[in-house]
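# Remarks on the overall topology
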Amino acid sequence: MRRKLVVGNWKMHGSRIANAQLLAGLKEAGPWNADVAVCVPFPYIAETALALTGTSIVYGAQDCSAHEQGAYTGEVSSAMLSDIGCRYVIVGHSERRAYHAESDQLVADKAKAALAHGVTPIVCVGETRAEREAGQTEAVVKRQLAAVIHTLGHCCGEMVVAYEPVWAIGTGLTATPAQAQAVHAVLRAQLHAATDRSGVMRILYGGSVKADNAAELFAQADIDGGLIGGAALKAGDFSAICRAAAQ
Ligand code: 13P
């Protein structure tokens, strides 16, 4: 039995005051019988770490550089994330693939850099609406995951995978539990062929997960938790999703 993991992706939201309220609300609502993390904007990581001291909620970032260190203005290395206690880093989110032209290989290199410093990469894959309508869902997610598996080699068993259909992100359109499960099963099979850890690896679903649809999604055989956007910004909503994961 895999322990569920619920990760809040705050994206580019928040302020010191709003974050303090949100984290205080989560502290009060937890703990849950599930692993819970928040991936926050870089400037707020240190303060988030302080606010979460003494709780079981861990924290992470939303991106990292593929480079070790050096003249890369504006970039943040995985060594730095590790240095300030990040447990997770999201890599390959569809918003980064779309707005920053991140390639499958760059995403894989970022995942490798994270693992090299003991930060668990949460590797996002997912098809656009046009790709789904063209019947390419499986091919797209397999291509995205293959690049990471190839680059990480035997270490690929250490990552977390997140299936986030692009058409379901922030749209209120959720993949049905059956649609999501079908893709998760494809991803699990692909991992199975690559690592003997496939049975313990967590594959999260993301895309308009809310308190009222989380339990049904999390009940699917290969859905091991969620990557939560909008609903991670309200303590009540996020903690309800964490509760659903704990059942
Ligand atoms: P929403 O939950 O807002 O659809 O966002 C999902 C997501 O992109 C999480 O990474």
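What counts and how
Residues numbered from 1 in each chain as written. Predicted model: local features only at pLDDT ≥ 70, side-chain atom pairs only at ≥ 80, totals over all residues. Heavy atoms only, no water. Helix = DSSP H or I, 4+ residues; strand = E, 2+ residues; numbered from the N terminus. Rg over C-alpha atoms; globule rule 2.2 N^0.38 Å. Buried < 20%, exposed > 50% of the residue type's maximum accessible area, 1.4 Å probe, protein only. Contact = heavy atoms within 4.5 Å. Areas by Shrake-Rupley, 256 points an atom, 1.4 Å probe, with all protein chains shown as cover. Lys, Arg positive; Asp, Glu negative; His and termini not counted. Charge placed at Lys NZ, Arg CZ, Asp CG, Glu CD. Pairing = 2+ DSSP bridges. Axes fitted to C-alpha atoms, helices over the stretch in contact; angles between N-to-C directions. Salt bridge = Lys/Arg side-chain N within 4 Å of Asp/Glu carboxyl O. Expected span 1.5 Å × (residues − 1). Near = heavy atom within 4 Å. Polar contact = N/O pair within 3.5 Å; in protein donor to acceptor, adjacent residues only side chain to side chain. Left-handed = near helix turned anticlockwise from the far one by under 90°. Nonpolar A, V, L, I, M, F, W, Y, C, P; charged D, E, K, R; others polar.

Now for the overall build of the protein. Secondary structure summary: the protein contains 10 helices and 8 strands in total. Over its C-alpha atoms the protein spans a radius of gyration of 17 Å, differing by no more than 12% from the 18 Å that the globule rule assigns to 247 residues. For the C-alpha atoms alone, the extent of the protein along its principal axes is close to 45 × 45 × 35 Å. By the burial criterion, 52% of the 247 residues in the protein qualify as buried. Within the protein, residue pairs in contact and separated by at least 24 positions form 72% of the contacts whose partners lie at least 6 positions apart. Total accessible area on the protein is roughly 11000 Å²; 54% of this is exposed by carbon and sulfur atoms. For the protein, the separation between the mean place of its 21 positive charges and that of its 23 negative charges on side chains is 3 Å.

Below, the discussion takes up the sheet that holds strand β7 (residues 203–206). Taken in spatial order, the 8 strands of this closed barrel run β1-β2-β3-β4-β5-β6-β7-β8, and their pairing is parallel. Looking at each pair of strands side by side, their axes are set apart by 25 degrees on average, direction ignored. Each of β5 (120–125) and β6 (160–163) is contacted by helix α7 (residues 137–152), which is oriented at about 155 degrees to β5, the strand it contacts most. Sitting on the sheet, helix α10 (residues 235–245) is in contact with β1 (5–9), β2 (35–39) and β8 (225–228), with an inclination near 160 degrees to β1.

Another point: the pattern of salt bridges. Across all of its chains, the model carries 18 salt bridges by this definition. Its salt-bridge partner being Glu102, residue Arg96 comes within 2.7 Å of it at the nearest N-O pair. On the accessibility criterion, Arg96 (23% relative accessible area) is partly exposed.

Spanning 16 residues, helix α8 (residues 177–192) covers 22 Å between terminal C-alpha atoms, matching the ideal 22 Å at 1.5 Å per step. Of the positions making up α8, those classed as buried are Pro177, Ala180, Gln181, Val183, His184, Val186, Leu187, Arg188, Gln190 and Leu191. Where α8 is buried, its residues contact β5, α6 (129–133), α7, β6, β7 and α9 (214–218).

With that out of the way, let us pick up the site of the ligand. Close to the ligand lie Asn9, Lys11, His93, Glu164, Ala168, Ile169, Gly170, Gly207, Ser208, Leu227, Gly229 and Gly230. One of the side-chain N or O atoms of Asn9 is found 3.0 Å from an oxygen atom in the ligand. Between an oxygen atom of the ligand and a side-chain N or O atom of Lys11, the distance comes to 2.8 Å. When the ligand is considered free in solution it has 310 Å² of accessible area, and contact with the protein chains removes 97% of it.

Turning to its location among the elements, Cys86 is positioned in the loop between α3 (78–83) and β4 (88–91). In this structure, the C-alpha to C-alpha distance between Cys86 and Cys124, residues 38 residues apart in sequence, is 18 Å. Look past the residues within four positions of Cys86 in its chain and what remains in contact with it is Ile45, Tyr59, Gly60, Ala61, Leu81 and Val119.

Moving on to the side chain of Asp222. Structurally, Asp222 can be placed in the loop between α9 and β8. By relative accessible area, Asp222 is classed as buried at 13%. Among residues more than four places away in sequence, those in contact with Asp222 are Arg2, Gln181, His184, Ala185, Arg188 and Ile203.

It is at 10 Å that the axes of α7 and α8 come closest, and there the two elements cross at 35 degrees. Considering only the axes of α7 and α8, their crossing is right-handed. Where α7 approaches α8, its residues Thr137, Glu138, Val141, Lys142, Leu145, Ala146 and Ile149 are matched on the opposing element by Val183, Val186, Leu187, Gln190 and Leu191. Split into classes, the residues belonging to the contact of α7 with α8 amount to 8 nonpolar, 2 polar and 2 charged.

On to the environment of Lys112. Inspection of the secondary structure puts Lys112 in helix α5 (residues 104–116). Looking at Lys112, the relative accessible area reads 46%, which means it is partly exposed. As for Lys112 and Leu152, which are separated by 40 residues in sequence, their C-alpha atoms are 5.9 Å apart.

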